[in-house]
Amino acid sequence: MKFIVSSTYLLKQLQVLGGVINSSNTLPILDNFLFELKKRKLTVSASDLETTMSAVLEVESENEGTIAVPARLLLDTLKTFPEQPLTFVVEDNHTVEISSNYGKYALAYADGAEFPKAVELASPSSTTIMGDILATAITKTIFAAGNDDLRPVMSGVFFQFSSEHLTFVATDAHKLVKYRRNDVKASEVAEFIMPKKPLNLLKGILSGSEEQVKVEYNDSNAKFSFDNTELICRLIDGKYPNYEAVIPKENPNKLTISRNHFLSSVRRVSIFSNRTTHQIRLRIAGAELNISAEDIDYSNKAEERLTCAYQGDDMQIGFNSRFLVEMLGNLSSEEVSLELSLPNRAGILTPIDGLDEGEHVTMLVMPVMLNN
């Protein structure tokens, strides 16, 4: 088995696939890339059993064969080469020899047959979505997903497809983000929960991509195909909470404010907040928003005043500043609106501008009890 490939082209593809490989694997074979050669097509795969990703590379070869090559060793070697052709030759003594302009390097390889096979999706449903739209949907929601192992359904992003729109939701019970696209539709209704790791991989690859991504899914797995790459992952099992029920519908108090000013102010004031609660207090009266924080243990406190547009009753409400900073930092609009009903009910944050046609973002943040 022998093939010739460009060093930078191979490195670029392997670095993407390398994101799948865990730093410590229970099965030693998972520390390898699987190379499957069929004439001029080399399929490289990486897996952690939950997620498998593969890419098809164009190479010069007339051979066929499969081997598993140590991922870390190969990546570290490829990073040191400038652009040049590399020749891979599989020798009889269970090593693969790489020849470059500088010299020769031998790596021990494992039997490709030991590598776990990717799951085949039986009779999947499918929909097609633009790469950039999918990457944006992931970016806008994934930060709100939880990290609690006891509630695995909340540790992923909920995909909801229908013939009218696609909706992506993430929550950790303190904050919730709902991202909807009315300009993208699926042929049939479907719901599934995607784990974070494959989503982070997709986000990295598809950001700014003009390609169409084919999403296929059944009850247990989802597959994303684009360009010459495929990602298959196991879905999170369980029923997603009824998120619509927690979004308050009647919010008579509405605040409109510059996102950047609000974000900077919350960031500054929160430095003076209690280290464990990160609590800040918003006081809204007339056209003025007063943001304050206090750490009684250390006698630290801060207060800032911002002008805003406000319709509603004067009110005070407390929030965890870290959640507000995360949400405001994740939006890209000039102005945002914060809708409130009562100091013990969730606040709803939405961007006022900067959205594409058919794009809707709703962010919900739970208040914290103020100790007056």
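In this report, the structure presented in the accompanying data block is examined. The residue count restarts for each chain, going from 1 along the sequence in the order it is written. Since the coordinates come from a predicted model, pLDDT governs what is reported: local features require at least 70, and pairs of side-chain atoms require 80 or more to be given and counted, while whole-chain, interface and lining totals use all residues. With hydrogens and water excluded, all non-hydrogen atoms of the structure serve as input to the side-chain values.

1. What about the overall build of the protein chain?
A count of helical and extended segments in the protein chain gives six helices and 27 strands. The principal-axis extents of the C-alpha atoms in the protein chain amount to approximately 80 × 50 × 35 Å. Per-residue burial over the protein chain gives 52% buried out of 372 residues. Partitioning the intrachain contacts of the protein chain with sequence separation of at least 6 by distance along the chain shows that 65% fall at a separation of at least 24. Roughly 18,100 Å² of accessible area belongs to the protein chain as shown, and the carbon and sulfur atoms make up 48% of that amount. Counted charges follow a simple rule, with Lys and Arg positive, Asp and Glu negative, and His plus the chain ends left uncounted. Think of each charge as sitting on NZ of Lys, CZ of Arg, CG of Asp or CD of Glu. Averaged over its 36 positive side-chain charges, the protein chain has a centre that lies 3 Å from the centre of its 49 negative ones. Here a strand is any run of E in DSSP of at least two residues, a helix any run of H or I of at least four, and the numbering for each starts at the N terminus. The rule is simple: take the accessible area with a 1.4 Å probe, protein chains only, and divide by the maximum for that residue type; under 20% is buried, over 50% is exposed, in between is partly exposed. Residue contacts are counted whenever heavy atoms from the two residues lie within 4.5 Å of one another. Only the protein chains shown count as cover for residues, and the accessible areas themselves come from Shrake-Rupley with a 1.4 Å probe.

2. Some details on the sheet that holds strand E14 (residues 190-195)
The strand order across the open sheet built from nine strands is E14-E11-E12-E13-E26-E25-E24-E18-E22, with neighbouring strands paired in antiparallel fashion. Both outer strands of the open sheet, E14 and strand E22 (309-311), are each paired with one neighbouring strand and no more. Averaged over all pairs of adjacent strands, the angle between strand axes in this sheet comes to 15 degrees, irrespective of strand direction. Relative to strand E26 (residues 359-365), strand E25 (residues 347-351) runs antiparallel, the two sharing three bridges. Each residue of the ladder has a partner; that of Ile348, found in E26, is Leu364. The strands touched by helix H3 (residues 131-142) are strand E11 (156-161), strand E12 (166-171), strand E13 (175-181) and E26; relative to E13, the strand with the most contacts, the crossing angle is about 165 degrees. Working convention: axes come from line fits to C-alpha atoms, limited for helices to the stretch in contact. Angles between N-to-C directions cover 0 to 180 degrees. In the packing of helix H6 (residues 321-330) onto the sheet, the strands contacted are E13, strand E24 (335-340), E25 and E26, and the crossing angle to E26 comes to about 170 degrees. For two strands to be treated as a pair, DSSP must find at least two bridges joining them.

3. A few points about the pattern of salt bridges
Any carboxyl oxygen of Asp or Glu that lies within 4 Å of a side-chain nitrogen of Lys or Arg is treated as forming a salt bridge with it. On inspection of all chains with the given rule, the structure shows 17 salt bridges. Of the charged contacts in the structure, one is a salt bridge between Lys41 and Glu58, with a shortest N-O distance of 2.9 Å. With Lys41 in strand E3 (residues 41-47) and Glu58 in strand E4 (residues 51-58), the pair connects residues that are 17 residues apart, well separated along the chain. Exposure remark for Glu58: the relative accessible area of 47% places this residue in the partly exposed category. Between Arg151 and Asp148 there is a salt bridge, with its nearest N and O atoms 3.6 Å apart. Among the residues examined, Asp148 registers a relative accessible area of 33% and is labelled partly exposed. Several salt bridges converge on common partners, so that one network encompasses Arg181, Asp183, Asp356 and Glu359.

4. Considerations on the sheet that holds strand E10 (residues 125-130)
Taken in spatial order, the nine strands line up as E9-E5-E2-E3-E4-E17-E16-E15-E10 in an open sheet, and their pairing is antiparallel. On the outer flanks of this sheet lie strand E9 (110-111) and E10, each paired with one strand and no other. Both strand E16 (residues 221-226) and strand E17 (residues 229-234) contribute to a ladder of six bridges, which runs antiparallel. Across the sheet, residue Asn221 finds its bridge partner in E17, namely Arg234.

5. Focus: the layout of surface pockets
Cavity: a set of points on a 1 Å grid over the protein atoms alone where a 1.4 Å probe fits but cannot get out. Pocket: an open set with protein on both sides within 12 Å along at least five of seven lines, its lining residues, like those of a cavity, having an atom within 4 Å of a point. Grid points are joined across faces, edges and corners, and a volume is the space filled by probe spheres set on the points. In this structure, the largest pocket spans a volume of roughly 390 Å³. Looking at the lining of the largest pocket, the elements with two or more residues in it are E11 and E14. It is E14 that contributes the most residues to the lining of the largest pocket, four residues altogether. Classes in brief: Ala, Val, Leu, Ile, Met, Phe, Trp, Tyr, Cys and Pro nonpolar; Asp, Glu, Lys and Arg charged; the others, Gly included, polar. For the lining of the largest pocket, the class distribution of residues is 10 nonpolar, six polar and six charged.

6. Some remarks on the packing of helix H5 (residues 259-270) against H6
Contact pair H5 / H6: the axes reach a minimum separation of 10 Å and the direction vectors enclose 150 degrees. Taken together, the axis directions place H5 and H6 in an arrangement best described as roughly antiparallel. Seen along the crossing, H5 lies across H6 with a hand that is left-handed. Contact residues: Arg259, Phe262, Leu263, Val266, Arg267 and Ser270 in H5; Ser321, Leu324, Val325, Leu328 and Gly329 in H6. Here the word oblique covers every angle except those under 35 degrees (roughly parallel), over 145 (roughly antiparallel) and from 65 to 115 (roughly perpendicular). Crossing handedness: left-handed means the near helix sits turned counterclockwise from the far one by under a right angle, and right-handed means the same turn made clockwise.

7. Quick notes on the nonpolar core
Phe33, Phe35 and Phe224 are the most contacted members of the largest nonpolar core, which totals 100 residues. Here this core gets six residues from one element, more than from any other, and that element is H3. Throughout, nonpolar core names a set of buried Ala, Val, Leu, Ile, Met, Phe, Trp, Tyr and Cys residues whose side chains join them through atoms within 4.5 Å. Counting residues in each nonpolar core, the second largest holds 13 residues, with Val153, Met154, Phe158 and Ile348 among its members.

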